[in-house]
Amino acid sequence: MNSLYPTSLAGLSDWARQNKVTVAEARLRFVQYAVLRAVASSRALSSILVLKGGNALDFVWRPNRSTLDLDFSVDEAAQPSPLDTESLRSLLQPALEMVGRTLGIAFRVQSVEQHPPGPNRHFVTFEAKIGFALPDQLRGRAQIEQGRPVSSVVTLEISINEPICADEGINIGGLHPLRVCTLDDIVAEKLRALLQQKSRNRTRRQDLLDIAVILRGPAMLDPARVSCFLLRKAAARQVPVSRNAFRDPDLAERARRDYDALRLTTREEFVPFEEARDSLLAFVEGLDIPEVTVPE
């Protein structure tokens, strides 16, 4: 697994060449690794945060397309007390400083915001902006030492009350395993997101591509587990699930928008839209979900 991300500043150019990315991308990848290692080095953070989404795929299961943000869900069962912006900041900063000293990166938690704001919100995402400076970024290091913001940041998106159906502990160089959603869980989450496109007025082109790439890969998905996880995740958000819903032309058109632009973000494999959609529909046909949505 170590080839999936650089673990030291030495050899970044070689790592970038071997992994078909620019040196600038390799530098960001190294910082992302450091942040994940910081999470894994904190007993509190490693017990409650579960890595999900595009970077969970890229760092662990199916290297192909990295994303800027590091997305986590909070395991409510392992959480001793409710999180808020200040408690997250107090957990993140010392963990980042400890790993930063080892890897030569200056870190500062620049902000932690709750979305949507206000009390008594059920589905909440905390957005943490982590400022960083590598050894050659002298101005940035000085700004961090002075408690001032820097322009180089890694963003953590930390969601609460999202069902975590399955995860595994992965060794990423920290003191504790990093909890990472399994492929079955990630695919179920992406299927739910595709179904939510219309109700949230969004497009999820990246989810269609990621699912198609996974389906073409060597790892085998468990349709029974994906079905169960999808139904559980959709129920939490009150999203209707059916095979017919995946055939909706509106779903396809939303996922098609700027889909071809994703070709520039992939390192190994790009699946053309029609092939990706055909793979999705063929997979959905084998899921244990209703054929049509049953009105309430």
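I'd love a proper account of the sheet that holds strand β2 (residues 70-74), names of residues and values included.
Remark on secondary structure: sheet strands pair via backbone hydrogen bonds, oriented parallel or antiparallel. Spatially, the seven strands line up as an open sheet ordered β3-β4-β5-β2-β1-β7-β6, and their pairing is mixed. Edge strands, defined here as strands with exactly one partner in the open sheet, are β3 (106-115) and β6 (167-170). Looking at each pair of strands side by side, their axes are set apart by 30° on average, direction ignored. As judged from the four bridges shared by strand β1 (residues 49-52) and β2, these two strands associate in the antiparallel manner. Bridge assignment links leucine 51 to a residue of β2, and that residue is phenylalanine 72. On the sheet, helix α5 (residues 85-103) packs against β3, β4 (125-133) and β5 (153-159) and is oriented at approximately 160° with respect to β3.

Residue-level account of the pattern of salt bridges, with values.
As enumerated under the stated definition, the model contains 25 salt bridges in all. Among the salt bridges present, the one from arginine 243 reaches glutamate 291, with a minimum N-O distance of 2.9 Å. You can see arginine 243 sitting in helix α11 (residues 243-246) and its partner glutamate 291 sitting in the segment after α13 (273-285), a full 48 residues away along the chain. Judged by relative accessible area, which is 14%, arginine 243 ranks as buried. Exposure remark for glutamate 291: the relative accessible area of 36% places this residue in the partly exposed category. The structure contains a network of salt bridges with shared partners spanning Glu162, Asp185, Glu189, Arg192, Lys233 and Arg237.

Kindly report on helix α2 (residues 23-41), identifying the contributing residues and their values.
When the terminal C-alpha atoms of α2 are compared, their 26 Å separation across 19 residues agrees well with the 27 Å that a helix rising 1.5 Å per residue should span. Burial analysis of α2 places 14 of its 19 residues in the buried class, the great majority of the element.

I'd love a proper account of the pairing of β4, names of residues and values included.
Put simply, side chains in a regular strand alternate between the two faces of the sheet. In terms of burial, β4 is largely enclosed, as seven of its nine residues are buried. Here nine bridges tie β3 to β4, and the two strands are oriented antiparallel to one another. Pairing of serine 111 across the sheet is with lysine 129, part of β4. Here seven bridges tie β4 to β5, and the two strands are oriented antiparallel to one another. What sits directly across from alanine 128, in β5, is leucine 156.

Quick one: what's the story with the packing of aromatic side chains, residue by residue and with numbers?
Inspection of the entire model under this criterion finds five aromatic pairs. Taking the centre distance of 6.5 Å and the plane angle of 25° together, the rings of phenylalanine 30 and tyrosine 33 count as stacked. With a gap of three residues between them, phenylalanine 30 and tyrosine 33 both fall in helix α2, about one helical turn apart. Residue tyrosine 33 is classed as buried on the basis of its relative accessible area of 3%. Grouped by ring-pair contacts, the aromatic residues Tyr5, Phe30, Tyr33 and Phe59 constitute a single cluster. For the cation-ring pair, arginine 29 lies above phenylalanine 59, with the distance from its terminal atom to the ring centre recorded as 3.9 Å. Above the plane of the ring of phenylalanine 123 lies arginine 237, whose end atom (NZ or CZ) is 3.9 Å from the centre.

Cut-offs and rules
- Residues numbered from 1 in each chain as written.
- Predicted model: local features only at pLDDT ≥ 70, side-chain atom pairs only at ≥ 80, totals over all residues.
- Heavy atoms only, no water.
- Pairing = 2+ DSSP bridges.
- Helix = DSSP H or I, 4+ residues; strand = E, 2+ residues; numbered from the N terminus.
- Axes fitted to C-alpha atoms, helices over the stretch in contact; angles between N-to-C directions.
- Contact = heavy atoms within 4.5 Å.
- Salt bridge = Lys/Arg side-chain N within 4 Å of Asp/Glu carboxyl O.
- Buried < 20%, exposed > 50% of the residue type's maximum accessible area, 1.4 Å probe, protein only.
- Expected span 1.5 Å × (residues − 1).
- Phe/Tyr/Trp six-rings, centres within 6.5 Å; stacked < 30°, edge-to-face > 60°.
- Lys NZ or Arg CZ within 6 Å of the ring centre and 35° of its normal.

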